[in-house]
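Examining the three-dimensional arrangement
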Amino acid sequence: MTPKWRRRAARWGATLALILVASELLARHFISGSLNILRRSNDPLLLYELKPGHYVSDGYFLRSPVVEYTVDERGCRQGGGVPAQGARPVYFLGSSLVFGIALEADSALPEVARRALAARTPSIAIDPKNCSVPGYSLLQTLRHAELAIERDGVRTLALVIGPRHGTIPWDWMRTAPSSPEFRWLTERVRLARLAHLVRLVGESDGFRLPPAPPDDLRAALDHFTAVVRRTGTRVTVFPLGRFEHPDFDLPRELQLRSLTMVALEPVPHDPRYVHPDGDHWNLAGTTRIVEAMTPALEALVTPQ
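I will try to describe carefully the structure that is included in this document. Predicted model, so just to flag it, every value in this text is computed and none were measured. (Residues numbered from 1 in each chain as written. Predicted model: local features only at pLDDT ≥ 70, side-chain atom pairs only at ≥ 80, totals over all residues. Heavy atoms only, no water.)

With respect to the element layout, A296 can be found in helix 9 (residues 283-301). C-alpha of A296 to C-alpha of R40: the two residues are 256 residues apart in sequence and 34 Å apart in space. Those residues in contact with A296 that lie beyond four places of it in its chain are F238 and V262. (Helix = DSSP H or I, 4+ residues; strand = E, 2+ residues; numbered from the N terminus. Contact = heavy atoms within 4.5 Å.)

This paragraph deals with the state of the cysteines. Evaluation of the coordinates by the stated rule reveals 1 disulfide. Note on cysteine connectivity: C76 is disulfide-linked to C131, with sulfurs 1.9 Å apart. Its S-S torsion of about 90 degrees marks the bond between C76 and C131 as right-handed, since a negative value means left-handed. With C76 in the loop between strand 4 (67-71) and strand 5 (88-93) and C131 in the loop between strand 6 (126-130) and helix 4 (138-152), the pair connects residues that are 55 residues apart, well separated along the chain. (Disulfide = S-S within 2.5 Å.)

This brings us to unusual backbone geometry. With a phi close to 75 degrees, L47 is a non-glycine residue in the positive phi region. The residue L47 is located in the loop between strand 1 (38-40) and strand 2 (48-50) in this model. Despite not being glycine, D205 shows a phi value in the positive range, around 55 degrees. Structurally, D205 is set in the loop between helix 6 (190-203) and helix 7 (214-231).

Using the criterion set out here, one finds 9 aromatic pairs in the structure. Ring centres of Y60 and F61 lie 5.2 Å apart, and the angle between their planes is 45 degrees; this geometry places the pair in the tilted category. When the ring of F243 is compared with that of F248, the centres are 6.1 Å apart and the planes differ by 65 degrees; the resulting orientation is edge-to-face. What makes F243 buried here is its relative accessible area of 8%. Of the aromatic side chains, those joined through ring pairs into one cluster are Y60, F61, W170, W172 and F207. One residue, R77, lies across the ring of F99, its end atom 5.1 Å from the ring centre. In this structure, R288 packs its charged tip against the face of Y273, placed 4.9 Å from the ring centre. (Phe/Tyr/Trp six-rings, centres within 6.5 Å; stacked < 30°, edge-to-face > 60°. Buried < 20%, exposed > 50% of the residue type's maximum accessible area, 1.4 Å probe, protein only. Lys NZ or Arg CZ within 6 Å of the ring centre and 35° of its normal.)

Following this line, the structure appears as structure tokens:
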């Protein structure tokens, strides 16, 4: 290589390096780091579950304020306030909205509900258990609830079902690459993580997953209802907005099985109520939902 071409190659190399550094800095401004909070479940219907441990996160996909998550051995999120002595345990199940992505534990829905209920009716105290798992569909949440009842002896449940939870279960562990080498790279280089996420978005059609077979949903509801009746468990289901399934009317199916249901209006997609990702609630959005839930939660825990 002549001196002229060596100088030209050096300039190209310097320019490429500068572009890569600038792109990495830009990616770090908008794209969150990896959050390896999931592990494979022994239950084939669940696919995955929360992995016990302590995590520091700056978001799920897009950057958000840094928060900490602590998951106990039961797979429930820890933290928040201290419940009153003799408080009634209430298990909150659902997906990332209830878990509290991008929220500290005391700002997640279960803890906000505890404070709201105490303010509304001081004589009633609950001990909220935040056992929601990000990414769970209705099929997974119903199975999760069954296990909580049969395995853990839970007798009071609040299930929050999102509009898009009528899909087939999707393995959200795929957000972390299966290759150890590539996973190591995505944990350190945001451009690599961005490339992996772009590939997942393409493969899943923007995470627009196929609807679950309606017969599978009905069978899951039948089985869950039988477990609830047999154990005397108290359950309230909170559907958020219109359940997006072409062949399954969730409110009607709940009514047919005499399951207590309280429909909730979704939080507006407004920066006052949601994080920059447009999906997950901030504290104001969570508080707005809890205000609508509180009367039904009071009825759920009031002795009959």
